[in-house]
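# Structural overview
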Amino acid sequence: MQSGTMKTMAEENVENDYIMKTNKEKKLGGIKTLPFILANEMCDRFATSGFHSNMITYLTDELNLPLVKASNTLANFSGTASLTPLLGALVADSFAGRFWTITIASVIYELGLIIITISAVFPAFRPPPCPTQENCTEASGSQLWIFYFSLLLTSLGSGGIRPCVVTFAADQLNYKTKVNTKSVINIQKWNFFNWYYFCMIFASVAALTVVVYVQDHVGWGWGLGIPTLAMAVSVVAFVIGSPLYKKLKPGGSPLVRLAQVIVAAFHKRNALLPHDPKLLYENPQLDADISVHGKLLHTNQLRWFDRAAIVLATENIEPKEENEEVGSAHLNQWRLSTVHRVEELKSMVRLLPIWAAAILLVASSSHTQSFTIQQARSMDRHISNSFEIEPASLQIFGFLTTLLALPIYERLFVPFARRFTGNPTGITCLQRMGVGFAINILSSLVASFVEIKRKSVAFHHNLLDNPKAVIPISVFWLVPQGCLHGLGEVFMHVGHLEFLYDQSPESMRSTAAALYWVAIAIGSYIGTVIVTLVHKYSGNSTRNWLPDRNLNRGRLEYYYWLSGGIQVVNLIYYVVCARYYTSKPLEEVSDPREEEEVKLAKVKSPSSQMLDA
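Please read all numbers here as calculations on a predicted model, not as lab measurements.

### Notes on the overall build of the chain
The helix and strand tally for the chain stands at 18 helices and four strands. By the burial criterion, 47% of the 613 residues in the chain qualify as buried. Contacts spanning at least 24 positions in sequence make up 83% of the contacts within the chain whose residues lie at least 6 apart. Taken as a whole, the chain presents about 30,700 Å² of accessible surface, with 64% of it coming from carbon and sulfur.

### Re the packing of helix H4 (residues 67-96) against helix H15 (residues 509-537)
Direction vectors running N to C along H4 and H15 enclose 160°, while the axes themselves pass 8 Å from each other. On the basis of their axis angle, the class for H4 and H15 is roughly antiparallel. For the pair H4 and H15, the sense of crossing is left-handed.

### Considerations on the nonpolar core
Membership of the largest hydrophobic core comes to 56 residues, with the highest contact counts inside it found for Phe51 and Met55. Considering each element in turn, this core owes the most residues, eight residues, to helix H6 (residues 141-172). When neighbours within four sequence positions are excluded, Phe51 is seen to be in contact with Phe77, Tyr109, Leu113, Ile116, Leu151, Thr154, Leu224 and Pro227.

### Description of the packing of aromatic side chains
Tallied over the full model, the rule gives 24 aromatic pairs. Relative to Phe168, the ring of Phe99 lies with its centre 6.4 Å away and its plane at 40°, an arrangement referred to as tilted. With Phe99 in helix H5 (residues 98-121) and Phe168 in helix H6, the pair connects residues that are 69 residues apart, well separated along the chain. Judged by relative accessible area, which is 6%, Phe99 ranks as buried. Taking the centre distance of 6.0 Å and the plane angle of 55° together, the rings of Tyr559 and Tyr560 count as tilted. Judged on exposure class, the residue Tyr559 and its partner Tyr560 are both buried. A connected cluster of aromatic rings, assembled from ring pairs, spans Tyr58, Trp145, Phe147, Tyr148 and Trp220. When the ring centre of Phe266 is taken as reference, the NZ or CZ atom of Arg269 above it lies at 4.2 Å.

### Describing the state of the cysteines
Tallied over the full model, the rule gives one disulfide. In this model, Cys130 is linked to Cys136 through a disulfide, with the two sulfur atoms separated by 1.9 Å. Residues Cys130 and Cys136 are joined by a disulfide whose S-S torsion is about -70°; by sign, that bridge is left-handed. Each member of the pair Cys130 and Cys136 is classed as buried.

### Comments concerning unusual backbone geometry
In this structure, Asn64 takes a positive phi of about 60° despite not being glycine. Residue Asn64 is classed as buried on the basis of its relative accessible area, which comes to 0%.

### Let's talk about empty space enclosed by the protein
A full pass over the atoms with the stated rule returns one cavity of 30 Å³ or more. Of the pockets and cavities examined, the largest cavity occupies roughly 40 Å³. As for the largest cavity, its lining consists of Ala89, Ala92, Asp93, Arg98, Pro163, Cys164, Thr167 and Ser510.

### Here we look at the pattern of salt bridges
Applying the stated criterion across every chain, the model contains 14 salt bridges. The residue Lys346 makes a salt bridge to Asp306 at a minimum N-O spacing of 2.8 Å. In this pair, Lys346 is assigned in helix H10 (residues 339-365) and Asp306 in the loop between strand E1 (295-296) and H10, connecting sequence segments 40 residues apart. Of the two residues examined, Lys346 and Asp306, each falls in the buried class.

### Some thoughts on the side chain of Asn552
As for its position among the elements, Asn552 is in the loop between H15 and helix H16 (556-579). On the basis of relative accessibility, which here comes to 5%, the residue Asn552 falls in the buried class. Among the polar contacts made by the side chain of Asn552, one reaches the side chain of Arg454 at a distance of 2.7 Å. At a separation of 3.3 Å, a polar atom in the side chain of Asn552 contacts the main-chain carbonyl oxygen of Leu463. Those residues within four positions of Asn552 in sequence are excluded, and the remaining contacts are Arg454, Lys455, Leu463, Leu464, Asn466, Pro467 and Ile471.

### Comments concerning helix H13 (residues 429-460)
Taking 1.5 Å as the rise per residue, H13 with 32 residues should run 46 Å; its terminal C-alpha atoms sit 47 Å apart, in good agreement. A positive backbone phi angle near 55° is found at Asn462, which sits one or two residues after H13.

### Some remarks on the side chain of Ser158
Mapped onto the fold, Ser158 is located in helix H6. Within the structure, the side chain of Ser158 is placed 2.9 Å from the backbone oxygen of Ser155, a separation counted as a polar contact. Leaving out residues up to four positions away in the same chain, Ser158 has contacts with Ala81, Thr84, Tyr109 and Pro163.

### A look at the packing of helix H2 (residues 34-52) against helix H8 (residues 220-240)
Remark: H2 packs on H8, axes separated minimally by 8 Å, with the N-to-C direction vectors making an angle of 165°. It follows from the interaxial angle that H2 and H8 lie roughly antiparallel. Crossing handedness for the pair H2 and H8: left-handed. Between H2 and H8, the contacting residues are Phe36, Ile37, Ala39, Asn40, Cys43, Asp44, Phe46, Ala47, Gly50 and Phe51 on the first element and Leu224, Ile226, Pro227, Ala230, Met231, Val233, Ser234, Val235, Ala237, Phe238 and Ile240 on the second. Each residue belonging to the contact of H2 with H8 can be placed in one class, and the counts come to 17 nonpolar, three polar and one charged.

### Overview of the confidence of the model for the chain
Scored by pLDDT, the chain comes out at a mean of 81, with 83% of its residues at no less than 70. Ranking the helices and strands of the chain by mean pLDDT puts H16 first, with 95, and helix H18 (residues 606-612) last, with 35. Note that residues 175-191 has pLDDT below 50 and, in this model, 19 contacts with residues that lie over four places away or in other chains. Note that pLDDT drops below 50 for residues 589-613; the model gives that stretch 15 contacts with residues more than four away or on any other chain.

### Some details on a nonpolar patch on the surface
Where nonpolar side chains cluster on the molecular surface, the patch consists of Val107, Leu111, Ile114, Ile118, Val121, Phe122 and Phe125 and spans about 560 Å² of accessible area. Along the chain, Ile118 turns up in helix H5.

### Observations concerning the environment of Ser347
By the element assignment, Ser347 lies in helix H10. Taking C-alpha positions, Ser347 is 9.0 Å from Pro585, a pair spaced 238 residues apart along the chain. Excluding residues within four positions of it along the chain, Ser347 makes contact with Leu296, Gln503, Pro505 and Lys584.

### Structural notes on the environment of Gly488
Within the secondary structure, Gly488 sits in helix H14 (residues 479-503). If we ignore the near neighbours within four places in the chain, the residues touching Gly488 are Gly436, Ile439, Asn440 and His493.

Parameters and conventions
Residues numbered from 1 in each chain as written. Predicted model: local features only at pLDDT ≥ 70, side-chain atom pairs only at ≥ 80, totals over all residues. Heavy atoms only, no water. Helix = DSSP H or I, 4+ residues; strand = E, 2+ residues; numbered from the N terminus. Buried < 20%, exposed > 50% of the residue type's maximum accessible area, 1.4 Å probe, protein only. Contact = heavy atoms within 4.5 Å. Areas by Shrake-Rupley, 256 points an atom, 1.4 Å probe, with all protein chains shown as cover. Axes fitted to C-alpha atoms, helices over the stretch in contact; angles between N-to-C directions. Parallel < 35°, antiparallel > 145°, perpendicular 65-115°, else oblique. Left-handed = near helix turned anticlockwise from the far one by under 90°. Core = buried A, V, L, I, M, F, W, Y, C linked by side-chain atoms within 4.5 Å. Phe/Tyr/Trp six-rings, centres within 6.5 Å; stacked < 30°, edge-to-face > 60°. Lys NZ or Arg CZ within 6 Å of the ring centre and 35° of its normal. Disulfide = S-S within 2.5 Å. 1 Å grid on protein atoms, 1.4 Å probe; cavity = no way out; pocket = protein on both sides within 12 Å on 5 of 7 lines; lining within 4 Å. Points joined across faces, edges and corners; volume = space filled by probe spheres on them. Salt bridge = Lys/Arg side-chain N within 4 Å of Asp/Glu carboxyl O. Polar contact = N/O pair within 3.5 Å; in protein donor to acceptor, adjacent residues only side chain to side chain. Expected span 1.5 Å × (residues − 1). Nonpolar A, V, L, I, M, F, W, Y, C, P; charged D, E, K, R; others polar. pLDDT = per-residue confidence, 0-100. Patch = residues over 30% accessible without salt bridge, like charges linked within 9 Å, V, L, I, M, F, W, Y side chains within 5 Å.

Shown next as structure tokens:
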């Protein structure tokens, strides 16, 4: 009797502790945490845009680097900064967690900004000024290494921030409550991402106006100091909100599961595949946490990986104890994988060809921003008699086009297209990406014609040999290509992310998002190779497509035609891949008894009905 009473008291204590812990967790997170997180991300985006948008001017005017070398430096920096999010995602998911990854990465980013700001303030870290841009002394090796080290720190910092901030903010919002229907959840997510995207655009526009103006008219000390101060504010704002955050424990990297399937399949490479796929190993209990929205069905593609799910006679998958899940406790997952985990790997492999199509798009346009800024510096930038727009601020038109085109796409284009396609989203994400590819080709062609016009005006005014002269042609000739690029982002950029999110396994969507940045990284590196080869083999110093100093004597329009040609070939490749792409097969309810249980639950409880929906 006494032991029963003690057991009851112990159970009550455990229950009370659980209730207190649950109540404490409910108080964490929520909308009240978003101002701290969004303030961090806004200041980070403000610092990033202010630091990077006009950096081509700093390299060519302050460090006296040739145009091609400066553009390649920025492209390599962009590639590295886009590659590091994969490392940041692995660190956050494996052991560090998102909060500490963001915090430490922000501090690293801040150190990089401090170093480059100091180098901009003290003349000893820069070569002598060269206002004529002729016979200039380039920055020394030590001066460049200081600059490169600061870029490396900012790249590492952005790698920890980019993949974690959005998911960390989503962690604070509880979408799985008993009062939430699917439509309510979608509205909450839409509102959150609307605010997130608006904050990012606002911060970028502010940086492209205020910071760029300070850099060009006040000095680079203040021009880089302002982003540095903004980043410091972002770190402080994020840390202040720490007691309010819901900090989820890292659940392990999904890449480990992919590696386990590959290793298990290789280990059984000589095993014979069964004719009936139902004989392959399945374990719903083991896969419960990674198949919340349904399990992946077996497919006949890439059947070599199915060997990982073959149950050999030497493998014991029976439970050792009555209350033990089947094979869960003693299963060696490096030797045996479930069908669901095999199909996770297959899904990732199938989407790789579509994902890779973004690489050449990035490669062909990775240097366009740098070249556009150099073009703008030689054109008439006056808006009025007393005010002129800064070259790097021309990017605003692309951002504004994207900002305006997104609601137009959702409110006008989608309902219009739905009448013809019957698709709730108007067009599929693959079709959306294809339209984006076509728009970017048009942008390259428009850019080439604008460059021909710019040089024609320079020729008629005898300004071809004067790289510092202002050619009497409005800088707003460059706006159409920027607007087309922004419109292409609405289709290609958003469609690409939508495709990766939708077609990747539910437990690997963060990894799929990191793959998006990896595509940008690889594309940036390939773009550097293309520009280097063009500069080396396109002619001598007077007829080179991409000259070091005098763009007026170059053939930049040829480079834009080459860029457009690469994109045409890439579009053909993409259409072929999209034509033969097979979507991932997902079964939400695989057991008829489960269907019956769901029906009974819906009849018994309206709240359960909303939860199931």
